Amino acid sequence: MASYILVKLPGETIIAHIEKCPANQSANSIRKPVPPASTSGLCFKKLNVTTHTHKFLIDRLARKVIVDSVIQSLPLSKEGLSIHDTGAMYVINTAAGISIKWAHVTGIIDIQYGPHPNASMKTEGLCGVCNGDPTDDLKMQNRTIIKNLEEIEVFIRSWEIEKSLDVTTRRPVRSCTEDNCSYCMELLNRSTFIPCHKKVSPQEFCEKMWINSTYFWNYECDALSAYVALCNKHNICIKWRTPDYCSLSCPEGKEYQPCVQPCEAKTCLNKWFYEDSPCSYLREDCVCKNGTILHRTASDLCIPEEKCTCTDNKGQPRSAGEIWNGSMRGCCMYNCSENGSIVAVEPECDEDAPLTCERQGEVIVQVIEERACCPKKVCECNMSLCDTNIPTCKANEKLVVGYHALSCCPQYRCECDPSVCFNATQPDCREDQFIVETKQEDPCCFSYLCVCESCIEPVPLCNEGEILTVDLSTMQYCCPRYYCVCDENLCSEPPMNCTDDMKLVKEKIPGQCCPEWHCECSCENTTFPTCKLGEVKKIDSSVSSACGCTHYVCEKDEVCIFEEVTVLNPGQSVIQYLDGDLCYAVQCLQEKDENTGYNAMYFTIVNCSQQCEAHQIYIPPSSHHTCCGTCQNVSCSFHTENGTLIVYEEGSSWSSNCTTYKCAKTPAGAIIVGSSVSCPPFNDTECTKNGGVVQTYNDGCCKTCKKEERICQKMTIRTTIRKNDCISQSPINVASCDGKCPSATIFNVNIDSHLRFCKCCRENGTRNLTVPLRCSGNGTEITYVIQEPIDCSCQWN
């Protein structure tokens, strides 16, 4: 920011504050491209008017006026100084006769020294000395007058009272004959600016403004805006801005107009008596769009005239009949009447939709939310409905409260509390170990543990046939030593195959685990051919061997081959075979069979037809000397007592008249084998006497005694023994007593009551049984002794 004294009088001082223009407040939003280091332009942002008794600060961009550090509403008048906001500009009239018009949109300041100035009160400052003598206008604050225009920078800095950015953009005075004004002249010679050339010479503007101000070189829109402002002083309208070139950004609801005459804007407050009050010159401005007027002079809000009926407590316009909530938090409903009065009204509330609370512990309540007028049903937590079950934490735990998504009730749990853990002592680790903290027995507290360092020495890579082995003498260290041990069983199979007259020989190589192999001559391994039936082995003279080994070949002998399993010499005829009911006898001849290469055979035929019964099959003869076979049983035929014939398959069993029969398979065929049913001795009287019931089995051939209850006896059960946190590793057999014992009651006349007798199933002596138990708490094993009965019987209680 930079501050300069514009006008200084004995009783008044006017100071201008120049700052960088915000992007959304710039009067010229489209500028000529500039280097990256350039600023975005400068704006007159604030004016200070100081009198003997008051200090006035007018902030154009914030649209506020501060008097003696207190914000004041407009219009205001104090001791001859008045400030008025027309909606288009600030109009400031001072007691000394200074008149200032400061446009809101363009920021152009017009300062005039009254129509009837006091000649004895001469002005000083950047605006010069207002006495009609131009020779002393460049008077500095120390009363020195600048005569050489090239020292104008010294004059400007003399009236500078504060500086935090460089706003000096002038340079030593030049003319268009010394420097290049061609671009400035090119801009102003456009047809748009020609109507103003007679009043404001382009040549003079370029020499006095453009060529001597580097600011305009970077921002041509600001330069053209300054030229148009001079034209407007002569009431010449220049329509030079377009949407794509140096457009003027207007607030929402307003539109740009290049030539505006009235000084005062039409507002809701002056609409009834508003008349165009023309300023002394034209200006560029943003005005309300057709059909709208300003709500207030101090705002940019444009509204339809019907919205002027009421203004709420926040300064917002309201139309007739409009209802709104005027409270920041509560409910204060108001209605705008036709006559402009604001009347409080009652809110209209609708019935709430049914509400269901889904979380545990919630109930339905009615609340009125902030800025709401009607009550609303909501689900709220009722702690009295919660089941508060607070667990008892261990000594090294702390109680923590949490909440679940499906319940509003607090949920308590125990968590580890590291603050109560004792300081564990650090163990003495070996040189190849280091200490780490870990949780072991106590899941809440840390303890120290010795951990091995990373091993540096690599594990050796073993060759084929070798197995990696550890040095047992180094097992106690973190990094034991390893070495390779040879095991020929792990070597791969020999990679070569030798011929029949050679053998594979193993050769041991020093320093190598697996041997090497090569072939050597060996006639022992010469392959002898396996000849077929009817062939003989002969020396094969057509094959030569490098090792000198003899090779053999199979040739057909002078015999007959029958069914590829029997060899017959010439003249033999002892083999027969059956084809259906026909038996063929075979004879070996002397002649050769050209098809087979063996001797030919002669066949004779015999008919062996024979009818077998339904449960029989025909069996061919088993002897070479027997031509025909026999009938053999494949099932058994049995005649019952009533003469019925039943056929049973092999392996079947049945009973008849307490005799068990079976159809057995024998080499001679299926035969029936019978055996009487064998029953154990049985006493009917003894069974009945002992409370049993006689029952039969084996189709009624045998008897047995069925007892309903078990008498007292020793039994063995299989169970797992537990003692505290110790348990047997597997179930064990333990003896116990179980069963029925007699009891009775007899009436005794001496005591006029019944005597009761009762026996219990109890042990007859005990013996100790030692059981090993494994304890989960500390991992130890203990022995536990239990007693089991030696025998059991019914005894008096």
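Reference entry: report on the structure contained in this document. (Residues numbered from 1 in each chain as written. Predicted model: local features only at pLDDT ≥ 70, side-chain atom pairs only at ≥ 80, totals over all residues. Heavy atoms only, no water.)

Attention now goes to the sheet that holds strand β44 (residues 659–666). Pairing in this open sheet of three strands is antiparallel, and the strands run β43-β44-β45 from one edge to the other. Because the sheet does not close on itself, it has two edges, and the strands there are β43 (653–656) and β45 (669–676). On average, adjacent strands in this sheet sit at an angle of 30° to one another, irrespective of strand direction. Judged from the eight bridges that link them, β44 and β45 form a sheet pairing that is antiparallel. Looking at β45, one finds that cysteine 663 is bridged to isoleucine 672. (Pairing = 2+ DSSP bridges. Helix = DSSP H or I, 4+ residues; strand = E, 2+ residues; numbered from the N terminus. Axes fitted to C-alpha atoms, helices over the stretch in contact; angles between N-to-C directions.)

Before going further, it helps to spend a moment on helix α5 (residues 220–233). Here α5 contains 14 residues, and its C-alpha end-to-end distance of 20 Å stays within 8% of the 20 Å for a straight helix at 1.5 Å per residue. Buried residues dominate α5, accounting for 10 of its 14 residues. Of the positions making up α5, those classed as buried are Glu220, Cys221, Asp222, Ala223, Leu224, Ser225, Tyr227, Val228, Cys231 and Asn232. Once α5 finishes, asparagine 235 follows within two positions and takes phi at roughly 55°, a positive value. (Expected span 1.5 Å × (residues − 1). Buried < 20%, exposed > 50% of the residue type's maximum accessible area, 1.4 Å probe, protein only.)

In spatial order, the strands read β49-β50-β54-β55; together these four strands make up an open sheet with antiparallel pairing. In the strand order of this sheet, the two ends are held by β49 (722–723) and β55 (781–789), each with one partner. Where strand β54 (residues 766–775) and β55 come together, nine bridges link them in antiparallel fashion. Looking at the pairing, proline 772 lines up with threonine 783 of β55.

When helix α3 (residues 202–210) is considered as a whole, its buried residues turn out to be Pro202, Phe205, Cys206 and Trp210. Within α3, the buried residues cover an arc of 95° as seen down the axis, which keeps them to one side. (Arc of directions from axis to C-beta.)

So, about the packing of α3 against α5. It is the contact of α3 with α5, at a shortest axis distance of 12 Å, that shows an interaxial angle of 125°. Classified by the interaxial angle, the pair formed by α3 and α5 is oblique. As α3 packs across α5, the resulting crossing turns out to be right-handed. Counted together, Pro202, Phe205 and Trp210 of α3 and Ala223, Ala226, Tyr227 and Leu230 of α5 form the full contact between these two elements. Partitioned by chemical class, the residues of the contact of α3 with α5 number seven nonpolar, no polar and no charged. (Parallel < 35°, antiparallel > 145°, perpendicular 65-115°, else oblique. Left-handed = near helix turned anticlockwise from the far one by under 90°. Contact = heavy atoms within 4.5 Å. Nonpolar A, V, L, I, M, F, W, Y, C, P; charged D, E, K, R; others polar.)

What follows concerns the packing of aromatic side chains. Per the stated rule, a full pass over the model turns up 11 aromatic pairs. When the ring of tyrosine 90 is compared with that of tryptophan 102, the centres are 6.5 Å apart and the planes differ by 50°; the resulting orientation is tilted. Of this pair, tyrosine 90 sits in strand β9 (residues 89–93) while tryptophan 102 is found in strand β10 (residues 98–103), placing the two residues 12 residues apart along the sequence. With 5.9 Å between their ring centres and 20° between their planes, tryptophan 654 and tyrosine 661 make a pair best called stacked. Overall, tryptophan 654 belongs to the buried group, its relative accessible area being 9%. An aromatic cluster of at least three residues, connected via ring pairs, comprises Phe193, Phe205, Tyr227 and Trp240. When the ring centre of tyrosine 552 is taken as origin, the NZ or CZ atom of lysine 537, which lies over that ring, is 5.5 Å away. (Phe/Tyr/Trp six-rings, centres within 6.5 Å; stacked < 30°, edge-to-face > 60°. Lys NZ or Arg CZ within 6 Å of the ring centre and 35° of its normal.)

Moving on, we come to the pattern of salt bridges. Considering all chains together, one arrives at 21 salt bridges under this definition. Between arginine 143 and glutamate 124 there is a salt bridge, with the nearest N and O atoms lying 2.1 Å from each other. Here the residue arginine 143 occupies a position in the loop between β11 (109–113) and α1 (152–158), and glutamate 124 occupies one in the loop between β11 and α1, the gap between them amounting to 19 residues. The class of arginine 143 is exposed, set by a relative accessible area of 54%. For glutamate 124, a relative accessible area of 13% corresponds to the buried category. Among the salt bridges present, the one from aspartate 432 reaches arginine 430, with a minimum N-O distance of 3.2 Å. (Salt bridge = Lys/Arg side-chain N within 4 Å of Asp/Glu carboxyl O.)

Across all of its chains, the model carries 28 disulfides by this definition. Two residues, cysteine 331 and cysteine 373, share a disulfide whose sulfurs are 2.0 Å apart. Taking the sign of the torsion about the S-S bond as the criterion, the disulfide between cysteine 331 and cysteine 373, at about 100°, is right-handed. Of this pair, cysteine 331 sits in the loop between β19 (323–325) and β20 (333–336) while cysteine 373 sits in the loop between β22 (362–367) and β23 (376–381), and the two are 42 residues apart along the sequence. Taking the relative accessible area as the measure of exposure, cysteine 331 reaches 30% and is therefore partly exposed. Residue cysteine 381 pairs covalently with cysteine 408 via a disulfide, S to S 2.1 Å. Where cysteine 381 bonds to cysteine 408 through sulfur, the torsion about that S-S bond is close to 75°, and the disulfide is right-handed. Residue cysteine 381 is located in strand β23, and its partner cysteine 408 is located in strand β25 (residues 407–416); the two are separated by 27 residues in the primary sequence. Overall, the relative accessible area of 7% leaves cysteine 408 in the buried class. Unpaired in terms of disulfides, cysteine 130 finds its nearest cysteine sulfur in cysteine 127, a separation of 9.7 Å. (Disulfide = S-S within 2.5 Å.)

Inspection of the sheet shows strand β52 (residues 743–748) paired to strand β53 (residues 753–763) by six bridges, in the antiparallel sense. Residue asparagine 748 lies in a different strand from β53, and its bridge partner there is serine 753. In this structure, β53 lies alongside strand β56 (residues 792–796), joined through five bridges in antiparallel fashion. Each residue of the ladder has a partner; that of lysine 759, found in β56, is tryptophan 796.

The next point concerns the environment of cysteine 452. The residue cysteine 452 is located in strand β27 (residues 447–452) in this model. Residue class for cysteine 452 comes out partly exposed when judged on its relative accessible area of 35%. For the pair cysteine 452 and glutamine 433, spaced 19 residues apart in the sequence, the C-alpha separation amounts to 4.3 Å. In contact with cysteine 452, other than residues within four places in its own chain, are Asp432, Gln433, Phe434 and Cys478.

As a further point, take a nonpolar patch on the surface. On the surface, a cluster of nonpolar side chains totalling about 480 Å² of accessible area is made up of Ile746, Ile751, Leu755, Phe757 and Trp796. Look at isoleucine 751 and you get partly exposed, because its relative accessible area is 46%. (Patch = residues over 30% accessible without salt bridge, like charges linked within 9 Å, V, L, I, M, F, W, Y side chains within 5 Å. Areas by Shrake-Rupley, 256 points an atom, 1.4 Å probe, with all protein chains shown as cover.)

What follows is about the environment of asparagine 290. As for its position among the elements, asparagine 290 is in the loop between β14 (278–288) and β15 (292–294). The class for asparagine 290 is exposed, based on a relative accessible area of 76%. Distance from asparagine 290 to lysine 254, taken between C-alpha atoms, is 9.2 Å for residues 36 residues apart in sequence.

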